[in-house]
Amino acid sequence: MTRIELKVDGATVSDDVEPRMLLVQYLREKLGKTGTVIGCDTSNCGACTVHLDGRSVKSCNVLAVQADGAEVTTIEGLATDGELHPVQAAFHECHALQCGFCTPGMIMQSVDLLKDNPNPSEAEIRVGIEGNLCRCTGYHNIVKAVQTAAGQKTEA
Amino acid sequence: MIPTQFAYVAPTSVEEALAALAEHGDEAKILAGGQSLLPVLRMRLNAPEVVIDIGKIDSLREIRDEGDTISIGAMATYAQILGDAGIRDSLSLLHKAITEVADPQIRHRGTLGGALVHADPAGDCGAPTLALEADLVIQGPGGERTVAATEFFEDLFTTAVGEDEILTAIRFRKHDGWGSHYEKFVRVAHQWPIVSVAASVKVEGGTISEARLGLVNMGSTALRATATEQALVGQPATEDGVRAACDLAAEGTNPPSDLNGDAAYRSHLATVLTRRAVLKAAGSS
């Protein structure tokens, strides 16, 4: 067991973990943060995307021990005072999901994308979310949601 | 899936990491950014007894402008490299190839050094490293040694880095005045290339004076297309001018056959992609 201490969604947590424990397992099984989901388990789908020290990562592809001393934000830490984050609100507004399984990762990646590029073109959005797979929407309304969150006008 | 159990050490200096390697030998595996190693561990394709995480060795993340060269610490992430203006300007080929690596999340964690030591022949980084004629700095119990890129990739997933050694930096001579292009052929977004070509070309008065070409996924390692490099010298930088030279791109290669295409298809792709890469590189200089 290895002792780790990190900040998750604003709270400091500390635990003894097996070195082989993945960050996503730690978040879900130890902290009960099941908002972050496991999709493909092969680092392809991006459903488990969280922010590690402010940058998006696939939490199935990071060991919990590697996050020692770091700051993690999950989908559960995005809203403030019960108010949805603008990207969450835009996904709701634009109907950017059907089954919803990819949504936590898709939103976390979109937040990261807008941090780098606050006014992305449609092509830049599509490239920016290339590591996140959605099998329902065809990505159309997801792109619209990102545009809406960026304050851009979109076609109805 | 979950990896098999392993012990974990996280040294904070290269010396400590080398000591851990010396202690555990071939039972240990170095963890760099982990973006290739973790899938390998999860799928249990490898089951090391000890994982040595070098992510806490800050000195390995430095990118240094050394005048005629740029030294990239082995643990510099793709995102860090993409954000470096000196690399974008003076090593544009490397910059362009790295924009094509996987996806943003992987580029936040993955490292150039990790990718090169992993030595996947389908990885995007080997070809530009070969074409830019980088030197790889390796540290071991006996001190430091430097290996040319052409000597670094030995076989499938096998490099010149010994079991008791660590790659610490990759040193690139600046390629100011060279045109570059990375031409990647892929079936879906964020995947490994079926074939890609990294081209660095010098054009003087409309004529190609020098060319360096790296091929991805055309053999058990990244390769240089040396026959094409030589045949391009003295040719006009036009579609007709480079055609015959680029038709030699697959010479001396041994491309794999898989679900994405057989060897003959890859050989054909190599000639077409080389022509595109050379012309775009010539046009960008």
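Residues numbered from 1 in each chain as written. Chains lettered and ligands numbered in written order. Predicted model: local features only at pLDDT ≥ 70, side-chain atom pairs only at ≥ 80, totals over all residues. Heavy atoms only, no water.

Under the annotation held in an unreviewed UniProt entry, chain A carries the name Carbon-monoxide dehydrogenase small subunit and is attributed to Nocardioides aurantiacus. As recorded by UniProt, the Pathway (unreviewed entry) comment attached to chain A reads in full: "Alkaloid degradation; nicotine degradation." (UniProt positions renumbered as here; feature names shortened; annotations may be inferred.)

Visitor: Just to check I follow, could you spell out the nonpolar core for this structure?
Guide: Generally speaking, a soluble globular protein has its nonpolar side chains buried in company with each other. Residues B:Ile72, B:Leu94, B:Leu112, B:Phe152 and B:Phe172 are the most contacted members of the largest nonpolar core, which totals 38 residues. Elements that contribute at least two residues to this core include exactly strand E5 (69–73), helix H3 (78–82), helix H5 (92–99), helix H7 (112–118), helix H8 (126–131), strand E6 (135–140), helix H9 (149–152) and strand E10 (166–173) of chain B. Of all the elements, H5(B) adds the most residues to this core, at four residues. By size, the runner-up hydrophobic cluster in this structure holds 30 residues, among which are A:Tyr26, A:Cys60, B:Leu37 and B:Leu41. (Core = buried A, V, L, I, M, F, W, Y, C linked by side-chain atoms within 4.5 Å. Buried < 20%, exposed > 50% of the residue type's maximum accessible area, 1.4 Å probe, protein only. Helix = DSSP H or I, 4+ residues; strand = E, 2+ residues; numbered from the N terminus.)

Visitor: Even after reading the chapter, I still don't get the domain arrangement of chain A, so can you show me in this structure?
Guide: Many structure descriptions define interface size as the accessible area lost when the parts assemble. Residues and elements named next belong to chain A. Structurally, chain A comprises domain 1 (2–77) and domain 2 (86–149). Between domain 1 and domain 2, the C-alpha centre-to-centre distance is 21 Å. Opposite the 17 residues of domain 1 that make contact, domain 2 presents 14 residues. A buried area of about 1300 Å², summed over both sides, lies between domain 1 and domain 2, and 54% of it is on carbon and sulfur atoms. At the boundary of domain 1 and domain 2, one finds two salt bridges. Asp-112 is the salt-bridge partner of Arg-55, the closest N and O atoms lying 3.3 Å from each other. At the boundary of domain 1 and domain 2, one finds 10 residue pairs in polar contact (both at pLDDT 80 or more). When contributions to the side of domain 1 that touches domain 2 are tallied by element, the ones reaching two or more residues are strand E3 (49–52) and strand E4 (55–58). By residue number, the principal contributor to the side of domain 1 that touches domain 2 is E4, which donates three residues. Taken together, the residues of the side of domain 1 that touches domain 2 sort by class into five nonpolar, 10 polar and two charged. (Domains from an automatic or database assignment. Contact = heavy atoms within 4.5 Å. Buried area = accessible area lost by both parts, 1.4 Å probe. Salt bridge = Lys/Arg side-chain N within 4 Å of Asp/Glu carboxyl O. Polar contact = N/O pair within 3.5 Å; in protein donor to acceptor, adjacent residues only side chain to side chain. Nonpolar A, V, L, I, M, F, W, Y, C, P; charged D, E, K, R; others polar.)

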